[in-house]
Structure formats: C-alpha cells, structure tokens
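Reading the structure
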Amino acid sequence: MSHLVLTIGPAHTLRQAARMMSKRRIGAAVVIDQEHAGIGILTERDLLDSIAAGEDPDAELVAQHRTEHLVYASPDWTLEQAAAEMVRGGFRHLVVVEGNDVAGLLSMRDIVRCWTPADAGAQAAADLPVASQPVTTTA
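A brief look at the structure comes next.

**Description of the pattern of salt bridges**
Using the criterion set out here, one finds five salt bridges in the structure. We note a salt bridge from Asp33 to Arg66, for which the minimum N-O separation is 3.4 Å. Within this pair, whereas Asp33 is found in the loop between strand 2 (28-32) and strand 3 (39-43), its partner Arg66 is found in the loop between helix 2 (44-52) and strand 4 (72-73), the two being separated by 33 residues in sequence. Judged on exposure class, the residue Asp33 and its partner Arg66 are both buried. As a salt-bridge pair, Glu44 and Arg92 come within 3.0 Å of each other at their nearest N and O atoms. Placement of Glu44 in helix 2 and of Arg92 in the loop between helix 3 (79-89) and strand 5 (93-98) is noted, with a sequence separation of 48 residues between them. The class for Arg92 is partly exposed, based on a relative accessible area of 40%.

**Digging into the sheet that holds strand 4**
Reading across from one edge, 4-5-6 is the order of the three strands in this open sheet, with mixed pairing throughout. Unpaired on one side and paired on the other, strand 4 and strand 6 (101-107) mark the two borders of the sheet. Relative to strand 5, strand 4 runs parallel, the two sharing two bridges. Bridge pairing in strand 5 links Ala73 to Val96.

**Things to note about the side chain of His93**
Locating His93 in the fold gives a position in strand 5. With near-sequence residues (within four places) excluded, His93 lies in contact with Gly27, Ala28, Ile41, Thr43, Met86, Leu105, Leu106 and Ser107.

**Let's talk about the sheet that holds strand 3**
Spatially, three strands are ordered 1-2-3 in an open sheet, and the strand pairing comes out mixed. Two strands lie at the open edges of the sheet, namely strand 1 (7-8) and strand 3, each paired on one side alone. Two strands pair when backbone bridges link them, and strand 2 and strand 3 are joined in this way by five bridges, in the antiparallel orientation. Counted as the bridge partner of Ala28 is Thr43 from strand 3. Relative to the sheet, helix 1 (residues 14-24) contacts strand 1, strand 2 and strand 3, its axis offset from that of strand 3 by approximately 75°.

**Section: the nonpolar core**
Counting 12 residues, the largest nonpolar core consists of Leu6, Ile8, Leu14, Ala17, Met20, Met21, Ile26, Ala29, Val31, Leu42, Leu47 and Val62. When contributions to this core are tallied by element, the ones reaching two or more residues are helix 1 and strand 2. Top contributing element to this core by residue count: helix 1, with four residues. In this structure, Ala73, Ala83, Met86 and Ile111 belong to the second largest nonpolar core, which totals nine residues.

Rules of the game
- Residues numbered from 1 in each chain as written.
- Predicted model: local features only at pLDDT ≥ 70, side-chain atom pairs only at ≥ 80, totals over all residues.
- Heavy atoms only, no water.
- Salt bridge = Lys/Arg side-chain N within 4 Å of Asp/Glu carboxyl O.
- Helix = DSSP H or I, 4+ residues; strand = E, 2+ residues; numbered from the N terminus.
- Buried < 20%, exposed > 50% of the residue type's maximum accessible area, 1.4 Å probe, protein only.
- Pairing = 2+ DSSP bridges.
- Contact = heavy atoms within 4.5 Å.
- Axes fitted to C-alpha atoms, helices over the stretch in contact; angles between N-to-C directions.
- Core = buried A, V, L, I, M, F, W, Y, C linked by side-chain atoms within 4.5 Å.

Structure representation (structure tokens):
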C-alpha cells in the first residue's frame, strides 16, 4: 500500500490531473472536496473514457469524472480480502481509510508485487517504476 497518496481537488481539469498522475507514474488520485462529503477517486480509466468520448481535457473538471461511491478498505484487511473486493467490484485501486482519514491507496500492482516470489520479484521490481510511492499534493 502506498502511504503517500496523490490528492487532487474537484476543480482541477482532467489535463492537470493527468499531468500530476503521469509525472508520478501512478494510475489513480484521491479526490478531496471540502464542499462535498466523502472521498472520491479519479483513475486512468476515467481519463480514457473522457478522451474516448471526445471531451476536452482542458475544459472537463475532475468533479465531473470522479467516482464517488467507493468501497473503502481498512488497514487491517488482508491482501486476499482486498484482492477479492477489487475483483468483485471490477476496479484496480482501493482507498484505505482509517477513521475519517485516507491512510493509503492499494493498487492491484501492489498486491501482485507482494505475491511475487522474492527471487522473481527482485527483477520485476527493478524493471518497474516506483509507482507505489506517489507524492502528496493537495488542492
């Protein structure tokens, strides 16, 4: 699980969000909206869907494309529980919440890394960007 999570605001454009995600080589950002209860998420899929629909990434706002009804994980969930929930819900990122705070973000990539044998995982980890270590940015 990544403890440092990219957070963005609902007023960011999709292009701004995409640039921040691309710079950090991550596939999701947590959306925090001070005027809206709950936590949202913007994923690569949300960006692709918007572009495929012919929408302008400089005009479309994160607020219009974020997913708001999320399944949240608890820090004490096992990887098996998290993976099962991801498969059941058809998503690849799981926001981990402790109390009312975002504790981290778990991706399918994080789970695969944990389940890869150490000897095979060393080479695989060396070939992958450090996507599980995003930098915190708040809007």
